[in-house]
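Residues per chain are reported as follows:
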Amino acid sequence: MENALVKTPLRKLRRRRTKRVWRLKLAWKSIKTRVKSHLPGFLVTKKHLLHIKSRKEEQDLSQVARRICKISNDSTKSLAFLLQLPKYSAADFLDRGDLMTPAASPRENISKMWRELHGSNNWENLLNPLHPWLRREVTKYGEFVESVYDSLDFDPLSEFCGSSRFNRNKLFEELGLTKHGYKVTKFIYAMSHVDVPQWFLSSSMGETWSKDSNWMGFVAVSGDRESLRIGRRDIVVAWRGTVTPTEWFMDLRTSKEPFDCKEEHGKNVVKVQSGFFSIYNSKSELTRYNKESASEQTMEEVKRLVKFFKDRGEEVSLTVTGHSLGGALALLNAYEAARDVPGLSGNVSVFSFGAPRVGNLAFKERLNSLGVKVLRVVNKQDIVPKLPGIVFNKVLNKINPITSRLNWVYRHVGTQLKLDVFSSPYVKRDSDLARSHNLEVYLHVLDGFHSKKSGFRVNARRDVASVNKSTDMLLDHLRIPDCWYQVAHKGLILNKQTGRWVKPVRAPEDIPSPLSTGPKPIYSL
């Protein structure tokens, strides 16, 4: 009798525990269903929630569950907001001086690892999870490209429409990029051989600084301190994406042209998209800024810098970076440099953002044989990396082995780092997917990316407000204005003597100047 009395409560206790376990499992299943249906792509597992919350297990988890189960259908609220994780709010964007969190993390000495970071092993074991040093390096190159967008004068009423608002010596200082330790040595101008109606041109002014050319990017080189940190002298070529109407016109072409006449072997002719080829190689003696093509301007400067630093006994690398159209031009640029500049000896890499396909199979194979390492950063919602031939190429590339060797099909090259815009808890779920092509959106998502299976990094440091520079993707409760990046008063200034609003006259050093002739000095770095 005594044994029976003892066993009965134990059995009941076990049954109660079993019921509790089943209730927790069922509750957790419903929690995951609610999270996935309302807020896709962010922290949907029990493991992640327990990691973020303190380890009080059942008590904390039950509090989290209650919050999640109260989720409404309002898609403007992020999971970070609902779970009260470390997050941004409108108060975080008020100026508090030195009390504010730095927008960038400290940078380590990467001199012993720079080759791996630039693809010597094709970024094996560095992308998933993403190595923090690689994240900072790729972000740095993306910010160089963004600086071209930020300083481009694209006011159709400006006589300098299509040029840089700052000269090369002031560019990084004006945009707050001196922290990277690079110095711009040359601006690159490009033109397109295409006849379009007058209304299709970028400027509505009769007289402009150039009717044929637009500023496309720059060549820069690392200073002494930065070179010591990264383990070599780094030459950077940064290319912006499509902005002017004629550039859009060239992007829409789907035909190919031979790119490398030196490598024609019967049917295996290296070919690239004709629009990219035209922008990269067009020139005319009748123009002020494109008597030399963008290709010739860039290669001349790269060869000059390589020779100068090689003669000093330094290790030299070339990093070409670009966004959208700029990503395509970066591939053409890297191809030429690896082929024609022996001093680089295989130290050529490309970091592109949202870049389209550029050439055929022969182009891909030749680029690989030249030793060019390419890391393509891609948002899965971005349609541009699927071009040209968004349907045709995708179908043919999957019908293997019948079509895998077709030389007239467009091919991607290099290694892909795929991101998801909606992994960010700070962007609207109903955002226009076309804006996922924006470079600032790319850099924001890149900063928050850790691995394919984890959510947005809680300790991401890059300034979230930058997302709305030219979009309206940030959540409304952050109270960041849409498309806030613009010249004050649209370029007008108040003349205090007359009380009139007038257009300022550009400083002489900021007026675009034609390509100079003769030797170009190396400035102190």
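None of these values were measured; they are calculated from a predicted model.

(A) A look at the environment of Gly326. Considering the arrangement of structural elements, one finds Gly326 in helix H12 (residues 325-340). Looking at Gly326, the relative accessible area reads 0%, which means it is buried. In this structure the C-alpha to C-alpha distance between Gly326 and Met216, which are 110 residues apart in sequence, comes to 8.2 Å.

(B) Spotlight on the sheet that holds strand E9 (residues 415-419). In spatial order, the strands read E1-E2-E3-E6-E7-E8-E9; together these seven strands make up an open sheet with mixed pairing. Two strands bound the open sheet, and with one partner strand each, they are strand E1 (182-191) and E9. The mean inter-strand angle of the sheet, taken between neighbouring strand axes irrespective of direction, is 15°. Strand direction decides the pairing type here: E1 and strand E2 (residues 213-222), joined by nine bridges, are antiparallel. Its bridge partner lying in E2, Lys183 is registered against Val221. This element, helix H11 (residues 294-311), spans E1, E2, strand E3 (233-239) and strand E6 (316-323) of the sheet and lies at about 155° to E1. Against the sheet, helix H15 (residues 439-448) touches E6, strand E7 (348-353), strand E8 (373-379) and E9, its axis set at about 100° to E8.

(C) Quick look at the packing of H11 against H12. Two elements in contact, H11 and H12, have axes separated by 11 Å at closest approach and are oriented at 45°. Here H11 lies oblique to H12, going by the angle between them. In the packing of H11 onto H12, the handedness of the crossing is right-handed. Contact residues: H11 offers Ser295, Thr298, Met299 and Lys303, while H12 offers Asn333, Glu336, Ala337 and Asp340.

(D) Spatial organisation of the pattern of salt bridges. For the structure shown, the criterion picks out 28 salt bridges. Arg232 is the salt-bridge partner of Asp234, the closest N and O atoms lying 3.6 Å from each other. Per residue, the accessibility class of Asp234 equals that of Arg232, and both read buried. Asp472 is the salt-bridge partner of Arg435, the closest N and O atoms lying 3.4 Å from each other. One end of the pair, Arg435, is in the loop between E9 and H15; the other, Asp472, is in the loop between H15 and strand E10 (493-495), with 37 residues separating them in the sequence. Here Asp472 falls in the partly exposed class, since its relative accessible area comes to 24%.

(E) Layout of the packing of aromatic side chains. By the definition in use, this model includes 17 aromatic pairs. Ring geometry for Tyr141 versus Phe351: centroids 5.3 Å apart, planes at 10°, classification stacked. You can see Tyr141 sitting in helix H6 (residues 132-151) and its partner Phe351 sitting in strand E7, a full 210 residues away along the chain. Classification of Tyr141 by relative accessible area gives buried; the value is 0%. Judged by its relative accessible area of 1%, Phe351 falls in the buried class. A centroid spacing of 6.4 Å and a plane angle of 80° characterise the contact between Phe259 and Phe363, whose relative ring orientation is edge-to-face. With Phe259 in the loop between strand E4 (256-258) and strand E5 (271-273) and Phe363 in helix H13 (residues 361-369), this residue pair connects regions lying 104 residues apart in the sequence. Accessibility expressed as a relative area gives 9% for Phe259, which makes it buried.

The rules behind the values
Residues numbered from 1 in each chain as written. Predicted model: local features only at pLDDT ≥ 70, side-chain atom pairs only at ≥ 80, totals over all residues. Heavy atoms only, no water. Helix = DSSP H or I, 4+ residues; strand = E, 2+ residues; numbered from the N terminus. Buried < 20%, exposed > 50% of the residue type's maximum accessible area, 1.4 Å probe, protein only. Pairing = 2+ DSSP bridges. Axes fitted to C-alpha atoms, helices over the stretch in contact; angles between N-to-C directions. Contact = heavy atoms within 4.5 Å. Parallel < 35°, antiparallel > 145°, perpendicular 65-115°, else oblique. Left-handed = near helix turned anticlockwise from the far one by under 90°. Salt bridge = Lys/Arg side-chain N within 4 Å of Asp/Glu carboxyl O. Phe/Tyr/Trp six-rings, centres within 6.5 Å; stacked < 30°, edge-to-face > 60°.

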